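Close look at the chain arrangement
The residues making up each chain are set out below.
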Amino acid sequence: MVDNDSFKDPVGVCSQVEGVRLEREPNPGPDPARNRGALVAKADLLPFVDADCVVQPGWPPSHGQFPPMLI
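All values reported here derive from a predicted model rather than from experimental measurement.

Rules of the game
- Residues numbered from 1 in each chain as written.
- Predicted model: local features only at pLDDT ≥ 70, side-chain atom pairs only at ≥ 80, totals over all residues.
- Heavy atoms only, no water.
- Helix = DSSP H or I, 4+ residues; strand = E, 2+ residues; numbered from the N terminus.
- Buried < 20%, exposed > 50% of the residue type's maximum accessible area, 1.4 Å probe, protein only.
- Contact = heavy atoms within 4.5 Å.
- Areas by Shrake-Rupley, 256 points an atom, 1.4 Å probe, with all protein chains shown as cover.
- Polar contact = N/O pair within 3.5 Å; in protein donor to acceptor, adjacent residues only side chain to side chain.
- Salt bridge = Lys/Arg side-chain N within 4 Å of Asp/Glu carboxyl O.

**Here's the deal with the overall build of the protein**
A count of helical and extended segments in the protein gives two helices and two strands. Order of helices (α) and strands (β) in the protein, N terminus to C terminus: β-α-β-α. Expressed as a percentage of its 71 residues, the buried residues of the protein come to 13%. Sequence separation of 24 or more characterises 12% of the internal contacts of the protein that already satisfy a separation of 6 or more. Counting every atom, the protein has about 5900 Å² of accessible surface; 57% of that belongs to carbon and sulfur.

Here it is in structure tokens:
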């Protein structure tokens with residue numbers, strides 16, 4: 001998770017999800033946050049979720065469940 005001056009509790013959110021670590025980005029806005037996430041990511045698939053999104057259980061699906069055009 002990348003936090004660039006969130007009003008929420010990113011430390012609390014990250015502590016509830018196994019394998020999620022928190023990165024801080026001092027520059028405001030979604031573009032710097034996404035770029036920071038892409039820079040430190042170690043996975044083959046990089047999903048982006050903004051603060052106004054609600055992530056459903058089971059998301060993201062496993063790599064094999066994405067349509068070929070999205071891989």
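**A short note on the side chain of Glu 25**
Its location among the elements puts Glu 25 in the loop between β2 (23-24) and α2 (30-40). Reaching out from Glu 25, the side chain makes a polar contact with the side chain of Arg 36 at a distance of 3.0 Å. When near neighbours in sequence (up to four residues on either side) are disregarded, Glu 25 contacts Val 2, Asp 3, Asn 4, Pro 32, Ala 33 and Arg 36.

**What to know about the environment of Gly 37**
Residue position: Gly 37 is located in helix α2. Residue classification places Gly 37 among the buried residues on the basis of a relative accessible area of 14%. Setting aside residues up to four positions removed in sequence, Gly 37 forms contacts with Val 2 and Leu 46.

**Brief notes about the pattern of salt bridges**
Summed over the entire model, instances satisfying the criterion amount to four salt bridges. When the shortest N-O distance is used, the salt bridge between Asp 3 and Arg 24 registers 2.7 Å. Here Asp 3, found in strand β1 (residues 2-3), pairs with Arg 24, found in strand β2; they are 21 residues apart in sequence, far enough to count as distant. The exposure class of Asp 3 is buried, given its relative accessible area of 8%. Across the salt bridge formed by Arg 36 and Glu 25, the nearest N and O atoms sit 3.0 Å from each other. One end of the pair, Arg 36, is in helix α2; the other, Glu 25, is in the loop between β2 and α2, and eleven residues separate them in sequence. Taking relative accessible area as the criterion, Arg 36 reaches 25% and is therefore assigned partly exposed. When its relative accessible area of 7% is taken as the criterion, Glu 25 is described as buried.

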